[in-house]
Amino acid sequence: MLRASLTAIFGMLALGVVLALVTYPSWQLAVATACTVAVVPLAWVAVGAQLSLFAPGAKAGQHPRSAGPAVLAVVLLVIGALMFSQAPTG
């Protein structure tokens, strides 16, 4: 349920950025679109990696590896938001 809801939220965010790119094309919105669209499948993977830590028999060495997709998703969202805020409006 958590995976589906997060993916749906990021999917709606990506759809909004794509619509903004179609309405007012610019290179900033193109970069923001690429970043936010990449976050949608990454969110699915990141939540699965985080949830696997709570499985019985999970090893302590899995913690740093499972943080990678989540950190990458946050970095992509920050870059996308920065580019979106810098984009010119018609």
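Residues numbered from 1 in each chain as written. Predicted model: local features only at pLDDT ≥ 70, side-chain atom pairs only at ≥ 80, totals over all residues. Heavy atoms only, no water.

Caption draft 1: Expanded view of the overall build of the protein. Helices and strands together make up the secondary structure of the protein, namely three helices and zero strands. For the protein, the residues scored as buried account for 31% of the 90 residues in total. Sequence-distant contacts in the protein: of pairs separated by 6 or more residues, those separated by 24 or more amount to 68%. Of the accessible surface of the protein, which amounts to about 5,700 Å², a share of 78% is contributed by carbon and sulfur atoms. (Helix = DSSP H or I, 4+ residues; strand = E, 2+ residues; numbered from the N terminus. Buried < 20%, exposed > 50% of the residue type's maximum accessible area, 1.4 Å probe, protein only. Contact = heavy atoms within 4.5 Å. Areas by Shrake-Rupley, 256 points an atom, 1.4 Å probe, with all protein chains shown as cover.)

Caption draft 2: Structural context of the nonpolar core. Judged by nonpolar contacts, F10, A14, C35, V39, V40, L42, A43, A73 and L76 together constitute the single largest core of nine residues. The set of elements that each furnish at least two residues to this core consists of α1 (2-23), α2 (27-51) and α3 (62-86). No other element matches α2, which puts five residues into this core. In contact with V40, other than residues within four places in its own chain, are T7, F10, G11 and A14. (Core = buried A, V, L, I, M, F, W, Y, C linked by side-chain atoms within 4.5 Å.)

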